[in-house]
Amino acid sequence: MITREVNEWVRRVECGNYSSLDIMEEFARFAKYLTKEEIIQIKKRLESSIKR
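So, here is what we can say about the structure in this document. (Residues numbered from 1 in each chain as written. Predicted model: local features only at pLDDT ≥ 70, side-chain atom pairs only at ≥ 80, totals over all residues. Heavy atoms only, no water.)

### Brief notes about the pattern of salt bridges
In plain terms, the rule: Any carboxyl oxygen of Asp or Glu that lies within 4 Å of a side-chain nitrogen of Lys or Arg is treated as forming a salt bridge with it. Segments assigned H or I by DSSP are reported as helices when at least four residues long, segments assigned E as strands when at least two residues long, and all are numbered from the N terminus. Burial classification: accessible surface area is computed with a 1.4 Å probe over protein chains only, and a residue below 20% of its type maximum counts as buried, one above 50% as exposed, and the rest as partly exposed.
Scanning all chains against the criterion turns up four salt bridges. Salt-bridge contacts for R4 lead to E8; the nearest nitrogen and oxygen are separated by 3.2 Å. Pair noted here: R4 and E8 are both in helix α1 (residues 4–15), with a separation of four residues, about one helical turn. Judged by relative accessible area, which is 56%, R4 ranks as exposed.

### Section: the packing of aromatic side chains
As a reminder, the rule being used: By convention, a stacked pair of Phe, Tyr or Trp rings (six-membered ring in the case of Trp) has centres within 6.5 Å and planes under 30 degrees apart, an edge-to-face pair has planes over 60 apart, and any other such pair is tilted.
Counted under the stated rule, the structure contains three aromatic pairs. Measuring from ring centre to ring centre gives 5.6 Å for W9 and F27, while their planes differ by 35 degrees; the resulting arrangement is tilted. Of this pair, W9 sits in helix α1 while F27 sits in helix α2 (residues 20–31), and the two are 18 residues apart along the sequence. Note on W9: relative accessible area 2%, which makes it buried. Where W9 meets F30, the ring centres are 5.3 Å apart and the plane angle is 75 degrees; that geometry is what we call edge-to-face. One end of the pair, W9, is in helix α1; the other, F30, is in helix α2, with 21 residues separating them in the sequence. Pairwise contacts between aromatic rings join W9, F27 and F30 into one cluster.

Shown next as C-alpha cells:
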C-alpha cells in the first residue's frame, strides 16, 4: 500500500520541488518497502504528470 509519505513525495516531484539528486535519494529511502506493482503505479503517475 502506498503510504501518505510516498504520495507527498510524488506530489512534490510533480510540482518540481526537488532536485534530481534529492528525488533519487528520497526514493531509495522508501523503495525497498514498495511492491513491484506499487512502483509501476508510481511510474505511471509520474509519466502522466510529465505529459501534461
